[in-house]
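Each chain, letter by letter, is given below.
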Amino acid sequence: MAKKTGQAIDFASIKATMSDPYKKTFQIVDKDAKIVNQELFDTFSDDQLVDFMKKMVWERALHEQTMNFSRQGRLGFYAPTYGEEASEMGSVSAFKDQDFLFPAYRDLPELIQHGASVTQGFLWSKGNAVGDDYGDQRNWFPQIIIGAQYVEAAGAALGIKKNGEKDAVSFVYTGDGGTSQGDFYEGVNFASSFQAPAVFMVQNNGWAISVPRKKQTAAETLAQKAVASGVPSIQVDGMDVLATYIATKEARDFAAAGNGPVLVETLTYRYGAHSSAGDDPSRYRTKEEEKPWFDADPLIRMRKVLGDKGLWSQDQEDKLTEEYKDSFKKSMKEAENTPTQSVVDMLKTTFEEPTPQIKADIARFEAKESK
Amino acid sequence: MAKLTYIKAITDGLDVCLGEDPKTLIFGEDVGKNGGVFRTTQGLQDKYGEDRVFDTPLAESGILGLAIGLAATGWRPLPEIQFMGFTFEAVDSLGGQMSRERFRFSGKRSMPITVRTPFGGGTHTAEMHADNLENYYVGTPGLRVVTPANPYDAKGMIISAVENNDPVLFLENLKLYRSMKDEIPEGKYTVPLDTAKVAREGTDITIVAYSAEVNESLKVADKLAKENISAEVIDLRSLSPIDTDTIFKSVEKTHKVVVVQEAQKMAGVGAQVTAEIAEHAIMDLDAPIGRVAAPDSVYPWAQVENDWIPNADDIEAKAREILNY
Ligand SMILES: Cc1ncc(C[n+]2csc(CCOP(=O)(O)OP(=O)(O)O)c2C)c(N)n1
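- In the nomenclature of an unreviewed UniProt entry, chain B is known as Alpha-ketoacid dehydrogenase subunit beta of Secundilactobacillus hailunensis.
- Per its UniProt entry, chain B bears the Cofactor (unreviewed entry) comment "thiamine diphosphate".

- Chain A carries the name Pyruvate dehydrogenase E1 component subunit alpha in an unreviewed UniProt entry, which gives Secundilactobacillus silagei JCM 19001 as its organism.
- Taken verbatim from the UniProt record of chain A, the Catalytic activity (unreviewed entry) comment is "N(6)-[(R)-lipoyl]-L-lysyl-[protein] + pyruvate + H(+) = N(6)-[(R)-S(8)-acetyldihydrolipoyl]-L-lysyl-[protein] + CO2".
- UniProt annotates chain A under Subunit (unreviewed entry) with the comment "Heterodimer of an alpha and a beta chain."

Below, the structure is given as structure tokens:
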């Protein structure tokens, strides 16, 4: 009698157990503001704790003010960051000036924390390429093509390694949807193959526009996607700014020490619409689905932790928020006072030396623009 | 008959295709529950179920690779690429694979795939969400590239594209989606995929255009008509292959021609039309061939977009230059 197939290798049990190392999400403060890892919590000074809170308040104020500007028609494309403050501020705080950042379109706050100005962020949104004059900053422009930044970050990591830089990494962001791109795997795998110092961030905010995380892959976590390329990884509570910071910092230290790349997945949530361009979440998700995430809000959590230590008050937060918003209004004025670009400007930045065709185009548009 | 926008006419055409052929499948990013980011597939998942209209993981090469495998197993895929700028992620599927399969299998196997994607500019989108990449794709043997300029053609052409057994890149103009309405017959009708249309008859000058530039050209024809200048406007509809007969017939009559495109000037559609006329009909001309195209820079960001895209004024100026030659 022929043997029953499927006995030599127990794929079912391999499938059932392969996510085991990823079963526990790394956390320091839980959603009820309970400190679940006292030892790590105690590594933070009071000043550091307050600083993280300030950064998150700054990001939320930036979001609110940006939405206002957007409604007033003073901005172009904008991807809201509401809900992702801990994930973004916790992670970006782990990096140093000499680290090279490859942001996606939702990572303007990290870009600004890493040296760009708020005005630059606004100019980018308005569609004025002057916003991309980053001078000597180790920043790349916010990537629109999902996945492209991942392969480029692998290249920068290899460049950093070849330069012989001792304490530097490249770091890069994508979303849960972004992990489905071929470029995602290629980036992680290339960095691994060259053992280059890269930190790959995946901000899993639950949604890729209308497509839920579970439709991207049957893998239980996105963190474990790194395993296949020989890259260590961790899934972190991305609503816990302290856990996000520690995980990212240790990932950075590991990569910077020459041990090859690391991947960090932050579990977070996109509270609002995908972008300012007419997305309506009520078409694809319910208020009930959203509620637990609002309850897990990173600011609520830190407010409580800091309040208990007598380090924070609502009054202080409101004042700060107003200060931040005033500064954003100044940045907006600056962006609005920046000369709008012309077609001639564009043509001049197509090649280092304008081609004969472009020279003719420049002459044509100079005549037009001087009218 | 109902008055439908360009986008609704496409939805209506897709509905006809799904209803007629149970082997047709629509898939891509956000096309299911969300009905597409522009709502082109709105209501189709409700009507035909998740087996026929479904979301994929986020990967364009995945989407078009999936289409090839589905076609290989007897399905008739209608994948959507959310914006034409993202087709760069899937160039191998388009140019290296689906367009070559018929040849590889000595004509015995076909790839009845219709890749829909929005293109064109002028709607102040984020970078890479507005583009005119047709110039890249018209040079791909085995791939048809078509684009309707009005709602009536949009419905008739999407049905023809789906029925066609070769891969078709079906370009939908972003600016036209909601800015035009036509009377659209109910149910099935087709518009041929490889013939240009004389959008307006005339005798003094021929303007060859496609997509949104057809409307710009028609505006110019209206204006010139007030001065008793009669312009003929040809809507190419198919960018590859190009219906040169219709163009030659017109040029034979008018002896003057202006070729218009929204895309950058280098190579591509306008250059091909110009070359065909120069090669086969130059003796019919009594003036040089005029060209209107975007300059050879990258597609601009929102702020300068409208200065960059050729418009009716540019076409009028070029037409007058050729008329007065
Ligand atoms: C290559 C590419 N394909 C598609 C898109 C359109 N698009 C923009 S954002 C998005 C969803 C991205 O989801 P995710 O990666 O989870 O990041 P999030 O936007 O949620 O931060 C899609 C499909 C794009 N910008 N680039």
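**Focus: the site of the ligand**
Moving on, step 1. Inspection of the region around the ligand gives 21 residues, with A:Tyr105, A:Arg106, A:Gly177, A:Trp207 and B:Glu60 positioned closest.
Moving on, step 2. Around the ligand the close residues trace back to chains A and B.
Moving on, step 3. Taking A:Gly178, its main chain carries an N or O atom lying 2.8 Å from an oxygen atom of the ligand.
Moving on, step 4. Within the side chain of A:Asn205, an N or O atom sits 3.0 Å from an oxygen atom of the ligand.
Moving on, step 5. Considering the ligand on its own, with 580 Å² of exposed area, one finds that the protein chains cover 96% of that surface.
Moving on, step 6. Its residues placed into classes, the shell around the ligand shows nine nonpolar, seven polar and five charged.

**Some details on the pairing of strand 5 (residues 114-119) of chain B**
Consecutive side chains of a regular strand alternate in pointing toward one face of the sheet and then the other.
All names here are of chain B.
Moving on, step 1. In terms of burial, strand 5 is largely enclosed, as six of its six residues are buried.
Moving on, step 2. Residues Thr 114, Arg 116 and Pro 118 of strand 5 are buried on one face, and the alternating residues Val 115, Thr 117 and Phe 119, pointing to the opposite face, are buried as well.
Moving on, step 3. Two elements, strand 5 and strand 7 (residues 168-173), share six bridges in a ladder whose sense is parallel. From the neighbouring strand, Val 115 faces strand 7, where its bridge partner is Leu 169.

**Focus: the domain arrangement of chain A**
Moving on, step 1. What the domain assignment reports for chain A is domain 1 (35-340) and domain 2 (341-371).
Moving on, step 2. Computed from C-alpha atoms alone, the centre-to-centre distance between domain 1 of chain A and domain 2 of chain A is 37 Å.

**Here we look at the interface of chain B and chain A**
Moving on, step 1. Contacts between the two partners involve 36 residues from chain B and, on the opposite side, 39 residues from chain A.
Moving on, step 2. Summing both partners gives a buried area of about 3,100 Å² for chain B against chain A, and 56% of it is carried by carbon and sulfur.
Moving on, step 3. For the chain B face of the interface with chain A, the top three residues by lost area are B:Leu58, B:Trp301 and B:Gln303, together amounting to 24%.
Moving on, step 4. Where chain B meets chain A, there are two salt bridges.
Moving on, step 5. Across the pair B:Asp314 and A:Lys368 runs a salt bridge whose closest N-O atoms are separated by 2.9 Å.
Moving on, step 6. Its residues assigned to classes, the side of chain B that touches chain A comprises 16 nonpolar, nine polar and eleven charged.

**Some points on the environment of A:Gly177**
Moving on, step 1. With respect to the helices, strands and loops of the structure, A:Gly177 is situated in the loop between strand 2 (170-175) and helix 8 (182-193).
Moving on, step 2. Along the chain, A:Gly177 and A:Gln195 lie 18 residues apart, while their C-alpha atoms are 25 Å from each other.

Reading the values: rules and limits
Residues numbered from 1 in each chain as written. Chains lettered and ligands numbered in written order. Predicted model: local features only at pLDDT ≥ 70, side-chain atom pairs only at ≥ 80, totals over all residues. Heavy atoms only, no water. UniProt positions renumbered as here; feature names shortened; annotations may be inferred. Near = heavy atom within 4 Å. Polar contact = N/O pair within 3.5 Å; in protein donor to acceptor, adjacent residues only side chain to side chain. Areas by Shrake-Rupley, 256 points an atom, 1.4 Å probe, with all protein chains shown as cover. Nonpolar A, V, L, I, M, F, W, Y, C, P; charged D, E, K, R; others polar. Buried < 20%, exposed > 50% of the residue type's maximum accessible area, 1.4 Å probe, protein only. Helix = DSSP H or I, 4+ residues; strand = E, 2+ residues; numbered from the N terminus. Pairing = 2+ DSSP bridges. Domains from an automatic or database assignment. Contact = heavy atoms within 4.5 Å. Buried area = accessible area lost by both parts, 1.4 Å probe. Salt bridge = Lys/Arg side-chain N within 4 Å of Asp/Glu carboxyl O.

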